[in-house]
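Structural description and commentary
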Amino acid sequence: MADQTAKYLVTGASGQLGALVVAELVGKVPAKNVVALVRRPDAAAALEGHGVEVRIGDYDDRASLEQAFQGIDRLLLISASEMGRRAEQHKNAVDAAVAAGVGFLAYTSVLRAETNSIGLAADHRETEAAIKASGLPHAFLRHGWYTENQTASIPPALEHGAYLGAAGDGLFSSATRQDYAEGDVAVLAADTIQSGAIYELAGDESYTMAEFVEVISAAAGKPVAYVNMSEAEFAGALEGAGLPAPIAALLADSDANAAKGALKDESHTLQKLIGRPTTPWTETVRATVKAL
Ligand SMILES: NC(=O)c1ccc[n+]([C@@H]2O[C@H](COP(=O)([O-])OP(=O)(O)OC[C@H]3O[C@@H](n4cnc5c(N)ncnc54)[C@H](OP(=O)(O)O)[C@@H]3O)[C@@H](O)[C@H]2O)c1
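Counting restarts for each chain: residues are numbered from 1 in the order of the written sequence. Thresholds applied to this predicted model are a pLDDT of at least 70 for local features of residues and 80 or more for the giving and counting of side-chain atom pairs; totals over whole chains, interfaces and linings are not thresholded and use all residues. For side-chain calculations, the full set of non-hydrogen atoms in the structure is used, while hydrogens and water are omitted.

So, the environment of Val 215
Inclusion rule: Where helices and strands are cited, they refer to DSSP runs of H or I of at least four residues and of E of at least two residues respectively, numbered from the N terminus. Each residue is assigned to one of three classes by its accessible area relative to the maximum for its type, calculated with a 1.4 Å probe on protein chains only: buried under 20%, partly exposed between the two thresholds, exposed over 50%. Whether two residues are in contact is decided by their heavy atoms, any of which lying within 4.5 Å being enough.
By the element assignment, Val 215 lies in helix H9 (residues 209–220). We classify Val 215 as buried; its relative accessible area is 14%. Between the alpha carbons of Val 215 and Tyr 146 there is a distance of 17 Å; along the sequence they are 69 residues apart. When neighbours within four sequence positions are excluded, Val 215 is seen to be in contact with Trp 281, Thr 282, Val 285 and Arg 286.

Looking at the pattern of salt bridges
Selection criterion: One side-chain nitrogen of Lys or Arg within 4 Å of one carboxyl oxygen of Asp or Glu is enough to make a salt bridge.
The final tally for this structure, using the stated rule, is 17 salt bridges. Arg 55 is paired through a salt bridge with Glu 53; the nearest N and O atoms lie 2.8 Å apart. For Arg 55, a relative accessible area of 17% puts it in the buried group. In this structure, Asp 60 and Arg 85 form a salt bridge, with 2.7 Å as the shortest nitrogen-oxygen distance. With Asp 60 in the loop between strand S3 (53–56) and helix H3 (62–68) and Arg 85 in the loop between strand S4 (74–77) and helix H4 (86–100), this residue pair connects regions lying 25 residues apart in the sequence. With relative accessibility at 26%, the residue Arg 85 sits in the partly exposed group.

Examining the nonpolar core
Filter applied, for reference: The term nonpolar core refers to a set of buried residues drawn from Ala, Val, Leu, Ile, Met, Phe, Trp, Tyr and Cys, joined through side-chain atoms within 4.5 Å.
Val 21, Leu 25, Leu 47 and Leu 76 are the most contacted members of the largest nonpolar core, which totals 37 residues. Element by element, the count of residues in this core is highest for helix H8 (residues 177–188), at five residues. In contact with Val 21, other than residues within four places in its own chain, are Val 10, Leu 76, Ile 78, Ala 181, Asp 184 and Val 185. Within the second largest apolar cluster, 25 residues are counted, among which are Ile 154, Ile 216, Val 224 and Leu 263.

Things to note about the site of the ligand
We apply this condition: Proximity is defined per residue: any heavy atom of the residue falling within 4 Å of a molecule or strand makes that residue near it. In protein, a polar contact means a hydrogen-donor-capable atom and an acceptor-capable atom, both N or O and within 3.5 Å, with residues adjacent in sequence counting only if both atoms are side-chain atoms; elsewhere, any N or O pair within 3.5 Å suffices. Computed with a 1.4 Å probe, the accessible areas rest on the Shrake-Rupley method; for each residue, only the protein chains presented here act as cover. Residue polarity follows a fixed list, in which Ala, Val, Leu, Ile, Met, Phe, Trp, Tyr, Cys and Pro are nonpolar, Asp, Glu, Lys and Arg are charged, and the others, Gly among them, are polar.
Contacts to the ligand come from 22 residues, most closely from Ser 14, Leu 17, Ser 79, Ala 80 and Asn 149. Separating a nitrogen atom of the ligand from a side-chain N or O atom of Asp 58 is a distance of 2.9 Å. Within the contact set of the ligand, an oxygen atom lies 2.8 Å away from a side-chain nitrogen or oxygen of Arg 177. In isolation the ligand exposes 900 Å². Once the protein is present, 84% of that is buried. Breaking the shell around the ligand down by element, the ones donating at least two residues are helix H1 (16–26) and H4. Broken down by class, the residue content of the shell around the ligand amounts to six nonpolar, 10 polar and six charged.

Nothing here speaks to function; it is all geometry.
Next up, the structure:
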């Protein structure tokens, strides 16, 4: 049962995950108790359709966040998207939450944030430390890989007959954004808050990229090979495809660390939170191919 009386706020509500969280939350608690935070006023219309209040705030503007967080009991801080700047931006949100008297903050972190060797984990580690130091009642929702990160590369893979990566035989335990959104809401809106709780969230099944590519190939009826490269070669290929060098390096680093198990998880915590198996990655791959 979800807490029907608390006032909730979801940051990043105009984003892919945030929009799913808002939709899920209004199915569980009265829409009038839900506030969606966006930084662009033009993003408000789609969210207002849910009957929620939209407030404006930017992670780079602490005062705007403090104002937006007034009267909020439970806040979901969805991690920001500007790599390398996120820790500073999240710290603004945490300080604003303290100043506004927010009662509980849940943060979308990364699997095993304290020890995860993946470069993307650094910002999350720093943010978790800031949240702990703030004294705010909190929970860490440590997300694993999104299956959509990988299905996004299906169109070029089909075009070239090759899916590039540097993940070797590393196992990915990915889940969909919808799965994570439901897990996040289960914790955010729980009847009873467990402060300090840490949830390692991931998909039920683990797979290698070679297995992933086999399913793409079978679904499309076209040969596609998984081409495993060194981390440097993969970063170069991503840059060649138009990604900025720092993003290409971070993605190649994620693959190289996945090869060592950084994105594998067998806890099934997400399944327990959402009360159903996570969406099978094979289903997500087949649906993506079918929609092309
Ligand atoms: N675990 C994984 O595999 C994985 C994969 C992708 C992303 N992530 C993380 O999860 C987060 C959510 O994912 P997503 O797919 O929903 O990403 P997304 O679609 O890029 O959404 C990011 C959201 O953050 C908002 N945002 C960015 N900078 C902001 C700022 N300075 N102030 C206020 N809001 C700001 C964006 O607002 P605008 O709409 O105005 O840009 C958007 O609503 C990402 O930001 C990233 O940290 C994890």
